[in-house]
Amino acid sequence: MMSPYSSAYARSLDSQDALAHFRSRFAFDEPDLVYLDGNSLGRLPLASQALAGEIVAGQWGRRLIRSWNEGWFDLPARIGDKLAYLLGAEDGEVIVADSTSVNLFKLAVAALRHQPGRTRILTDDLNFPSDVYILQGAVATLGSGHVLEIVPSPDGIHGPVDALLARLDERVALVVLSHTVFKSGYVYDMAAVTAAAHAVGALVLWDLSHSAGSVPVDLDGAGADLAIGCTYKYLNGGPGAPAFLFVRRALQEALANPLSGWMGQHAPFDFALAYAPEPGIRHFLTGTPPVLSLALIEPGVDLLLEAGMDALRAKSVQQTEYMIALWEEILQPRGYTLKSPLDATRRGSHVSLGHAEGWRINQALIRELNVLPDFRAPDNIRLGIAPLYTTFEELHEAVERLRRVVDDRIFARYSSHRPVVT
Ligand SMILES: *Cc1c(COP(=O)(O)O)cnc(C)c1O
């Protein structure tokens, strides 16, 4: 019997993996690199590399401004429809625009204006800090006496579901949560939270940044109102690629985009001076899209659609379970703690480990051991698993290097100084 902790066992899991061939669709030029940061910046699809050349030389270089009518103008909605399919929404409910932060501002302000008389906004302390800053900015911009309540997690890992639900009443305008939280990977039950909020007349805005392309999402099935999310994480859209936003069809005409720019205007090329929003999802657009990075989102989304979210989720669960089994046997005795939910149904596609020497271990992994995880203060080592291209052997190798860095005290050579971008 092969030991389940051996590298041979990891290779046998890879040999049985029906999605293994997708790895060859991505750019790899460092065979020894263990990349576990696909949840911050997804790998480069080879098709995106080819498309970049075509867009720059062919569309921009040769077709020039004619390209706007040869596909560019339709890109936000066309890629939005593909994302809608991936996220359980309908055509015309998702569009690509701006950044996640900007989309959050647009939808939060729109939702708060739509709920006059209600002044409470609920979120949790596991949410991405930028989301909280944006909500604070939205409250200040509106100047209508809204109060943002940040409900604390019971343990820093799980969402404070009971406490959130207990705070729901007729004064709550909006609940804003990360569906999959960025540190622990906890996943909220979207349908249950949405139903509870709707029961008191509140709206819910979900940040899907760590869910899109990693966990199945059924926006319409869950009765979701509003959502936003990144494309450069598990969707492999490229650094700083524009984000997406979702508005349930029934709310689209009732909500007004506070950043009412010409891309959301009905007939923008009439150049009329009175803003008249285009019906449907388009009026949540603002200005001219960054065509190069927008267009490069599509190949990554196509790969996810080809693989299928159910198959990807099955592999992701198998891989996070495998990682946790290795942690229990090999890493826990060396001071690593598990900072992600044990229950796979409430866990996304990354596993967070804590360690008293977390920052120095992270430095040693990056600079000496050729492992790229990512680090979140104060001691959180995030191991992002992207089932489209992460192998079981890589996970085994990551654990082996995490073991070595402690056993050989390699981390002790690094200082505890932290640079700006981690
Ligand atoms: C990554 C991430 C963001 C990033 O927002 P940007 O506007 O792209 O900088 C926002 N929210 C969450 C939950 C994230 O994980």
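Residues numbered from 1 in each chain as written. Predicted model: local features only at pLDDT ≥ 70, side-chain atom pairs only at ≥ 80, totals over all residues. Heavy atoms only, no water.

Engineer: Explain the overall build of the chain here, please?
Structural biologist: Within the chain, the secondary structure is distributed over twelve helices and 13 strands. On C-alpha atoms alone, the chain measures out to a radius of gyration of 22 Å, which is about the 22 Å that the 2.2 N^0.38 rule sets for 422 residues. Dimensions of the chain along its principal axes, counting C-alpha atoms only, are 70 × 60 × 40 Å. Looking at the chain as a whole, 55% of its 422 residues qualify as buried. If you take every contact in the chain between residues at least 6 apart in sequence, the share linking residues at least 24 apart comes to 73%. When the accessible surface of the chain is summed, it comes to about 17200 Å², and 57% of that surface belongs to carbon and sulfur atoms. Positive and negative side-chain charges in the chain, numbering 36 and 48 respectively, have mean positions lying 5 Å apart. (Helix = DSSP H or I, 4+ residues; strand = E, 2+ residues; numbered from the N terminus. Rg over C-alpha atoms; globule rule 2.2 N^0.38 Å. Buried < 20%, exposed > 50% of the residue type's maximum accessible area, 1.4 Å probe, protein only. Contact = heavy atoms within 4.5 Å. Areas by Shrake-Rupley, 256 points an atom, 1.4 Å probe, with all protein chains shown as cover. Lys, Arg positive; Asp, Glu negative; His and termini not counted. Charge placed at Lys NZ, Arg CZ, Asp CG, Glu CD.)

Engineer: Hey, could you run me through the site of the ligand in this one?
Structural biologist: If you check the shell around the ligand, you find Ser99, Thr100, Ser101, Phe128, Asp131, Ser178, Asp207, Ser209, His210, Cys230, Tyr232 and Lys233 and nothing else. A distance of 2.8 Å separates a nitrogen atom of the ligand from a polar atom in the side chain of Asp207. The side chain of Lys233 places a nitrogen or oxygen atom 2.6 Å from an oxygen atom of the ligand. When the ligand is considered free in solution it has 390 Å² of accessible area, and contact with the protein chains removes 86% of it. In terms of residue class, the shell around the ligand is built from three nonpolar, six polar and three charged. (Near = heavy atom within 4 Å. Polar contact = N/O pair within 3.5 Å; in protein donor to acceptor, adjacent residues only side chain to side chain. Nonpolar A, V, L, I, M, F, W, Y, C, P; charged D, E, K, R; others polar.)

Engineer: What should I look at first to understand the sheet that holds strand β9 (residues 337–338) in this one?
Structural biologist: The strands that make up a sheet are held in pairs by hydrogen bonds between backbone atoms, and each pair lies either parallel or antiparallel. On the basis of which strands lie adjacent, the open sheet formed by four strands has the order β9-β10-β13-β12 and antiparallel pairing. Since the sheet does not close on itself, it has two edges, and those belong to β9 and β12 (374–376), each with one partner. Summarising the sheet, β9 and strand β10 (residues 350–354) pair through two bridges and their orientation is antiparallel. Residue pairing for β10: Thr337 is matched across the bridge by Gly354. The strands that helix α10 (residues 309–331) touches are β9, β10 and β13 (380–384); relative to β10, the one it contacts most, it runs at about 20°. Its contacts with the sheet put helix α11 (residues 358–367) on β12 and β13, and the angle it makes with β12 is roughly 165°. (Pairing = 2+ DSSP bridges. Axes fitted to C-alpha atoms, helices over the stretch in contact; angles between N-to-C directions.)

Engineer: Even after reading the chapter, I still don't get the domain arrangement of the chain, so can you show me in this structure?
Structural biologist: Accessible area lost upon the coming together of the parts serves often as the stated size of an interface. Partitioning the chain into structural domains gives domain 1 (7–31 + 308–413) and domain 2 (49–305). Computed from C-alpha coordinates alone, the two centres of domain 1 and domain 2 are separated by 29 Å. Across the domain 1 to domain 2 interface the summed buried area is about 2100 Å²; carbon plus sulfur atoms make up 60%. Looking at the side of domain 1 facing domain 2, the largest losses of area belong to Met309, Arg346 and His350, adding up to 30% of the total buried there. The tally of links between domain 1 and domain 2 comes to zero salt bridges. Linking domain 1 with domain 2 are 13 residue pairs in polar contact (both at pLDDT 80 or more). Among the elements that take part in the side of domain 1 that touches domain 2, α10 stands out by supplying five residues, more than any other. (Domains from an automatic or database assignment. Buried area = accessible area lost by both parts, 1.4 Å probe. Salt bridge = Lys/Arg side-chain N within 4 Å of Asp/Glu carboxyl O.)

Engineer: Honestly, the pairing of strand β7 (residues 226–229) in this entry has me stumped. Any pointers?
Structural biologist: Residue alternation in β7 divides its side chains into two sets, Leu226 and Ile228 and Ala227 and Gly229, and both sets are buried. Alignment of β7 against strand β8 (residues 243–247), held across four bridges, turns out to be antiparallel. Looking at β8, one finds that Leu226 is bridged to Val247.

Engineer: Teacher, can you tell me more about helix α9 (residues 297–307) here?
Structural biologist: For an α-helix, the turn length of 3.6 residues means that residues three or four places apart are oriented alike. Buried residues dominate α9, accounting for eight of its eleven residues. For α9, every residue scored as buried is listed here: Ile297, Glu298, Pro299, Gly300, Val301, Leu303, Leu304 and Ala307. Next to the buried residues of α9 lie α2 (46–63), α3 (75–86), β2 (94–97), α8 (291–295) and α10. Positive phi shows up at Gly308, right after α9, with a value of about 90°.

Engineer: How do you make sense of the sheet that holds strand β5 (residues 172–178) when you look at a structure like this?
Structural biologist: Read from one edge of the open sheet, seven strands run β2-β8-β7-β6-β5-β3-β4, paired in mixed fashion. Two strands bound the open sheet, and with one partner strand each, they are β2 and β4 (147–151). Averaged over neighbouring strand pairs, the angle between their axes works out to 20° when direction is ignored. Taken together, the three bridges between strand β6 (residues 203–207) and β7 define a ladder with parallel strand orientation. The partner of Trp206 across the bridge, within β7, is Ala227. Set on the sheet, α3 makes contact with β2 and β8; between it and β2 the angle comes to about 130°. Running over the sheet, helix α7 (residues 190–199) touches β5 and β6 and is turned about 155° from β6.

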